[in-house]
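So the chains spell out like this:
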Amino acid sequence: MRRPDWRSLHFRCKPHIGFGIWLASVGMDLEQLVATMPFAVHTGIELDSAAPEQVVGHLDWDSHRTTAGNGMHGGALMTLADSVGA
């Protein structure tokens, strides 16, 4: 079994139908798409791929995103999930 890479969190999801339709219609590249979400930009969210059927993004580990025990803070994880799953 492959060990996880703890330097970043990856999240992939099936976007809700409205987002999938919007994504198919706008024709933005990944940087432009993230730029529509100022909080995602501020927190360092990056999109790896985006299509109407699946969006994949990640958030790199950094000490200012951690909690006790040096683990990724739950708020950072939920920000990633909310941004990618929007």
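For the structure, check the block above.
What counts, and at which threshold
Residues numbered from 1 in each chain as written. Predicted model: local features only at pLDDT ≥ 70, side-chain atom pairs only at ≥ 80, totals over all residues. Heavy atoms only, no water. Helix = DSSP H or I, 4+ residues; strand = E, 2+ residues; numbered from the N terminus. Buried < 20%, exposed > 50% of the residue type's maximum accessible area, 1.4 Å probe, protein only. Contact = heavy atoms within 4.5 Å. Core = buried A, V, L, I, M, F, W, Y, C linked by side-chain atoms within 4.5 Å. Polar contact = N/O pair within 3.5 Å; in protein donor to acceptor, adjacent residues only side chain to side chain. Pairing = 2+ DSSP bridges.

Draft legend 1. Examining the overall build of the chain more closely. The number of helices and strands found in the chain is 4 helices and 3 strands. The linear arrangement of helices and strands in the chain, starting from the amino end, is β-α-α-α-β-β-α. Counting every position in the chain, which comprises 86 residues, the buried fraction comes to 31%. Considering only intrachain contacts with a sequence separation of at least 6, the fraction spanning at least 24 residues in the chain is 54%.

Draft legend 2. Representation of the nonpolar core in the model. L33, V34, A40, I45, L47, V55, L59, M72, A76, L80 and V84 form the largest nonpolar core, which has 11 residues in total. Secondary-structure elements contributing two or more residues to this core are α2 (30-35), β3 (54-60) and α4 (74-84). Among the elements that take part in this core, α4 stands out by supplying 3 residues, more than any other. Among all residues touching V34, those that are not within four sequence positions of it are V41, I45 and L47.

Draft legend 3. Local environment of the environment of T36. With respect to the helices, strands and loops of the structure, T36 is situated in the loop between α2 and α3 (38-43). For T36, the side chain forms a polar contact with the main-chain oxygen of L33, separated by 2.6 Å.

Draft legend 4. Structural detail: the pairing of strand β2 (residues 46-51). As defined by bridge partners, β2 adjoins β3 across 5 bridges and the pair is classed as antiparallel. Across the sheet, the residue bridging to E46 is H58, located in β3. Counted along the chain from β2 to the antiparallel partner β3, the turn is 2 residues long.

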